[in-house]
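Residue-level listing of the chains:
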Amino acid sequence: MNISEIFFGKDIISLDQFDRKSVELLFRQVTKIKKTPTKKLLKILSGKIIALLFFEPSTRTFSSNAAAIKRLGGQTIEHQNPMQNSSVVKGETIEDTIKMIEQYSDAIVIRHPLVGTAKKSAQVANIPVINAGDGIGEHPTQALLDMFTVYEKHKHLNNIKGLMVGDLLNGRTIHSIIKCLSLFPNNTLYLLSPKQLRLSNKDLEEAKKRKIKLVEIKSFEEIPADCHFWYWTRVQKERFTDKREYEKLKLTFILTKKLVEKKAGKNTLIMHPLPRVGEIETAVDTDPRAVYLTTEPKNGMYIRMALFSLILGNS
Ligand code: NCD
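Model, not experiment: these values are computed from the prediction.

Draft legend 1. Inspection of the sheet that holds strand 4 (residues 129–134) at higher detail. Spatial strand order, 2-1-3-4: 4 strands in an open sheet with parallel pairing. Among the strands making up the open sheet, the edge pair consists of strand 2 (75–80) and strand 4. Neighbouring strand axes in the sheet, compared pairwise and without regard to direction, differ in orientation by 10° on average. Note that strand 3 (residues 107–112) and strand 4 share 4 bridges and pair parallel. Its bridge partner being in strand 4, Ile110 is matched across the sheet by Asn131.

Draft legend 2. A look at the site of the ligand. Taken together, Arg60, Thr61, Arg111, His139, Gln142, Arg172, Thr173, Arg234, Gln236, Pro273, Leu274 and Pro275 make up all the residues around the ligand. Taking Arg111, its side chain carries an N or O atom lying 3.0 Å from an oxygen atom of the ligand. Within the contact set of the ligand, an oxygen atom lies 2.8 Å away from a side-chain nitrogen or oxygen of Gln236. Looking at the shell around the ligand, the elements that each hand over two or more residues are helix 4 (60–71) and helix 9 (172–181). The class makeup of the residues in the shell around the ligand is 3 nonpolar, 5 polar and 4 charged.

Draft legend 3. Examining the environment of Ala125 more closely. In this structure, Ala125 sits in the loop between helix 7 (117–124) and strand 4. When the C-alpha positions of Ala125 and Phe7 are compared, they lie 17 Å apart, and in sequence the two are 118 residues distant. Setting aside residues up to four positions removed in sequence, Ala125 forms contacts with Ile98 and Glu102.

Draft legend 4. Region of the structure containing the sheet that holds strand 9 (residues 269–271). The 5 strands lie next to each other as 7-6-5-8-9, forming an open sheet whose pairing is parallel. Two strands in the sheet have a free side with no partner beyond their single neighbour: strand 7 (212–217) and strand 9. Pairs of neighbouring strands in the sheet enclose a mean axial angle of 20°, with direction left out of account. In terms of strand pairing, strand 6 (residues 187–192) meets strand 7 through 6 bridges, oriented parallel.

Draft legend 5. Inspection of the nonpolar core at higher detail. Within the largest apolar cluster, 64 residues are counted, with the highest numbers of intra-cluster contacts made by Phe18, Leu26, Ile50, Met147, Met164, Phe229 and Phe308. Here the element with the most residues in this core is helix 13 (residues 295–312); it accounts for 10 residues. Beyond its immediate stretch of four places on either side in the chain, Phe229 contacts Met147, Val150, Ile160, Lys161, Gly162, Leu163, Met164, Leu181, Leu189, Thr268, Leu269 and Met271. Core analysis: the second largest hydrophobic core is formed by 20 residues, Leu163, Val260, Leu274 and Ala290 among them.

Draft legend 6. How the structure looks around empty space enclosed by the protein. Counted by the stated rule, this structure contains 3 cavities of 30 Å³ or more. Here the largest cavity defines a volume of roughly 70 Å³. Together, Arg60, Ser64, Gln142, Leu145, His272, Pro273, Leu274, Tyr292, Glu296, Pro297, Gly300 and Arg304 line the largest cavity. At the level of secondary structure, the elements contributing two or more residues to the lining of the largest cavity comprise helix 4, helix 8 (140–154) and helix 13. Sorting elements by how many residues they give to the lining of the largest cavity places helix 13 first, with 4 residues. Of the residues in the lining of the largest cavity, the class split is 5 nonpolar, 4 polar and 3 charged.

Draft legend 7. Here's a closer look at a positive patch on the surface. There is a patch of like positive charges on the surface, built from Lys32, Lys39, Lys40 and Lys43. It is helix 3 (residues 38–44) that provides the largest number of residues to the positive patch, a total of 3 residues. Within the secondary structure, Lys32 sits in helix 2 (residues 20–35).

Draft legend 8. Highlighting the side chain of Ser64. Of note, Ser64 is situated in helix 4. Of note is the side chain of Ser64, whose polar atom sits 2.7 Å from the backbone oxygen of Arg60. Within the local environment of Ser64, its side chain forms a polar contact with the backbone oxygen of Thr61, the two atoms lying 3.4 Å apart. Excluding anything up to four places from it in sequence, Ser64 contacts Gly300, Met301 and Arg304.

Draft legend 9. Examining the packing of aromatic side chains more closely. Per the stated rule, a full pass over the model turns up 8 aromatic pairs. Where Trp230 meets Trp232, the ring centres are 5.9 Å apart and the plane angle is 45°; that geometry is what we call tilted. When sorted by exposure, Trp230 lands in the same class as Trp232, which is buried.

Draft legend 10. Quick peek at the environment of Thr149. Within the secondary structure, Thr149 is located in helix 8. Measuring from C-alpha to C-alpha, the distance between Thr149 and Lys298 comes to 9.6 Å, with 149 residues separating the pair along the chain. Excluding its chain neighbours within four sequence positions, the residues that come into contact with Thr149 are Leu269, Met271, Val291, Thr295, Glu296 and Asn299.

Parameters and conventions
Residues numbered from 1 in each chain as written. Predicted model: local features only at pLDDT ≥ 70, side-chain atom pairs only at ≥ 80, totals over all residues. Heavy atoms only, no water. Pairing = 2+ DSSP bridges. Helix = DSSP H or I, 4+ residues; strand = E, 2+ residues; numbered from the N terminus. Axes fitted to C-alpha atoms, helices over the stretch in contact; angles between N-to-C directions. Near = heavy atom within 4 Å. Polar contact = N/O pair within 3.5 Å; in protein donor to acceptor, adjacent residues only side chain to side chain. Nonpolar A, V, L, I, M, F, W, Y, C, P; charged D, E, K, R; others polar. Contact = heavy atoms within 4.5 Å. Core = buried A, V, L, I, M, F, W, Y, C linked by side-chain atoms within 4.5 Å. Buried < 20%, exposed > 50% of the residue type's maximum accessible area, 1.4 Å probe, protein only. 1 Å grid on protein atoms, 1.4 Å probe; cavity = no way out; pocket = protein on both sides within 12 Å on 5 of 7 lines; lining within 4 Å. Points joined across faces, edges and corners; volume = space filled by probe spheres on them. Patch = residues over 30% accessible without salt bridge, like charges linked within 9 Å, V, L, I, M, F, W, Y side chains within 5 Å. Areas by Shrake-Rupley, 256 points an atom, 1.4 Å probe, with all protein chains shown as cover. Salt bridge = Lys/Arg side-chain N within 4 Å of Asp/Glu carboxyl O. Lys, Arg positive; Asp, Glu negative; His and termini not counted. Charge placed at Lys NZ, Arg CZ, Asp CG, Glu CD. Phe/Tyr/Trp six-rings, centres within 6.5 Å; stacked < 30°, edge-to-face > 60°.

See the structure below:
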C-alpha cells in the first residue's frame, strides 16, 4: 500500500490502526511539510472545512489543529465547550451532533470525556474523524507528535529507553505512546507512578502481548542512565471522584533541576504533553534538553498538518 492508500479518507482513532510502516511514512510527510513553501501549503486544504468539537478543555490540541488547518489553506468550524454553547445543552445526542456537523464539514476533530466517543462518532460519520483525546482512552495525535519529537532527535524509534512518570492510569497520551513504541523493536519503558496511578492491569497485560518491555520502578534512584526521553505527566484531576485523593497524589513526583542534573543523560529529551501543574519546576524550562514548551508543541502543529494533508489533501 502506498502512503495515500493508507491515509486518504481515513479516521484516526487509536494507535492500534498503525503499523511501523504507516508511522514512518507519516514522519516522512512531516519532514516534507516542514520544507514546503507557504504558497504551496496553502493549496492543500483549500476549499475544505474541518470541524473542531472540543467537549473538554484544550489549549495545545485545539490551537495546533486550528493552526495546521489554516496553514494548509483550510477553514474551521470551532466548538469549544459544546456542553454549554451548543444544542448539547438541549439534550442532543453525540450521534445527532456528528450527523449535523458532517453536513457542514469535510472532517471532524473530536475531544470528549468518555472513552470510545471518537470511535462511536467515526461509526456514525461518513467523513474522517480524528480522536483528539477520549477520556482516559487514547490521544493518538499527541503520541505521534511526541514520538516524532523523539525520532527527530535520535533518528530512530527502535532500541529506545524511555521513562514515563505520573498518572499512567488516566493519562491517555501514555496509552497511545506505549502502543506507538511497541510497533518498533527493542524498546523499553520505565514506568514511575504512585501505586494508585499505575498502568491498569488490562493495559499491562495488553502490553505484554506487544513487542515492548515495560519495567515498573518505585523511585528516582531506579531511573536508568542515558534514557532517550523522560516523559512527565500531570495527575489528571478531572478523573478523580475523591478530590482529597487527588490532592494527596498530585505532586508525588516533581521534576527538579537537581534531578535533571543528577540523572538525565546528555541527550535525554525532557518531555511533557502539558499542561503542567507543578510537577516540573520552572527552573528546568531553560535546560536545552527540555522540549515541552518548544519543539513538542511546534511538532504538534506539523504532525497535524501532515495528517490532514494525507487524509484530506488536494493532490
Ligand atoms: C494532554 C491531554 O489532554 O490528554 N494534553 C494535551 O493534549 N496536550 C495531557 C493532559 O491534559 O494532561
